[in-house]
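Structure assessment
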Amino acid sequence: MVIRAVIPSKLRTATEQLKFSPAIVSGNHVFLTGSTGGDMNGKMPSDAKAQFRNAFDKIELILREEGLTFQSVVEMTTYHIGLRSHFDLFDKIRQECFDAPYPAWTAVEVAGLRREGAVIEIRIIASTEANH
């Protein structure tokens with residue numbers, strides 16, 4: 001099976017520096033690397049709401065690079081620092097992105113994330129065959 005990387009131009013510098021692919025297409029699925037809440041320039045806001053929006057903005061950018069939308073997402077795993085303190089806010093923003101049928105979702109409380117100051121990391125699997 002052929003696999004290929006998905007690298008939007010706005011993420012190319014980070015991709016080259018960190019030696020990773022923002023997403024990999026394999027078969028009929030696109031596997032996105034976890035997105036934290038840093039902005040497109042790599043700056044991490046201290047505000048959780050801004051982090052949530054930034055993470056979803058990066059996910060949307062990657063999906064669009066493949067001609068996909070949030071409706072193409074079949075599975076989402078979210079990793080949270082302070083899950084209970086910000087869950088309602090996160091869930092409100094999540095619901096702005098997705099419509100029924102909603103993707104399968106697992107939310108996990110973690111002790112830490114790779115990016116300093118990050119309170120969220122979102123991992124996505126999308127289908128290239130999903131209705132979008």
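As a starting point, this report considers the structure included with it. Bear in mind the structure is a predicted one, so any value in this text is a computation, not a measurement.

Tracing the sequence through the fold places Thr 15 in helix 1 (residues 12–18). Using a relative accessible area of 6% as the deciding quantity, one classes Thr 15 as buried.

The next point concerns the pairing of strand 2 (residues 23–26). The pairing of strand 1 (residues 3–6) with strand 2 spans 4 bridges and is antiparallel. Across the sheet, Ala 5 pairs through a bridge with Ile 24, a residue of strand 2. In this structure, strand 2 lies alongside strand 3 (residues 29–36), joined through 4 bridges in antiparallel fashion. Its bridge partner lying in strand 3, Val 25 is registered against Val 30. Here strand 2 folds back onto strand 3 in antiparallel fashion, the turn holding 2 residues, of which Gly 27 has a positive phi close to 60°.

Here we take up helix 2 (residues 48–65). Between its first and last C-alpha, helix 2 extends 26 Å over 18 residues, near the 26 Å set by a 1.5 Å rise per residue. All buried positions along helix 2 are accounted for by Gln 51, Phe 52, Asn 54, Ala 55, Phe 56, Lys 58, Ile 59, Ile 62 and Leu 63. Those residues of helix 2 that are buried are in contact with strand 1, strand 2, strand 3, strand 4 (73–80), helix 3 (83–97) and strand 6 (120–127). At the exit of helix 2 stands Gly 67, carrying a positive phi of roughly 75°.

So, on to the nonpolar core. Membership of the largest hydrophobic core comes to 25 residues, with the highest contact counts inside it found for Leu 32, Phe 56, Ile 59, Leu 63 and Ile 122. When residues of this core are traced back to their parent elements, those giving at least two are strand 2, strand 3, helix 2, strand 4, helix 3 and strand 6. For this core, the element with the highest residue contribution is helix 2, accounting for 6 residues. Aside from chain neighbours lying at most four places away, what touches Leu 63 is Leu 32, Leu 68, Thr 69, Phe 70, Val 73 and Ala 126.

The residue Ser 9 is located in the loop between strand 1 and helix 1 in this model. Residue Ser 9 is classed as exposed on the basis of its relative accessible area, which comes to 61%. Residues Ser 9 and Leu 61, spaced 52 residues apart in sequence, show a C-alpha to C-alpha distance of 9.7 Å.

The peptide bond linking Ala 100 to Pro 101 adopts the cis configuration, its omega dihedral lying at 0°. Look at Lys 19: it is not a glycine, yet its phi comes out positive at around 55°. Position of Lys 19 among the secondary structure elements: in the loop between helix 1 and strand 2.

Quick notes on the rules
Residues numbered from 1 in each chain as written. Predicted model: local features only at pLDDT ≥ 70, side-chain atom pairs only at ≥ 80, totals over all residues. Heavy atoms only, no water. Helix = DSSP H or I, 4+ residues; strand = E, 2+ residues; numbered from the N terminus. Buried < 20%, exposed > 50% of the residue type's maximum accessible area, 1.4 Å probe, protein only. Pairing = 2+ DSSP bridges. Expected span 1.5 Å × (residues − 1). Contact = heavy atoms within 4.5 Å. Core = buried A, V, L, I, M, F, W, Y, C linked by side-chain atoms within 4.5 Å.

Read these as layout, nothing more, since geometry by itself doesn't imply function.
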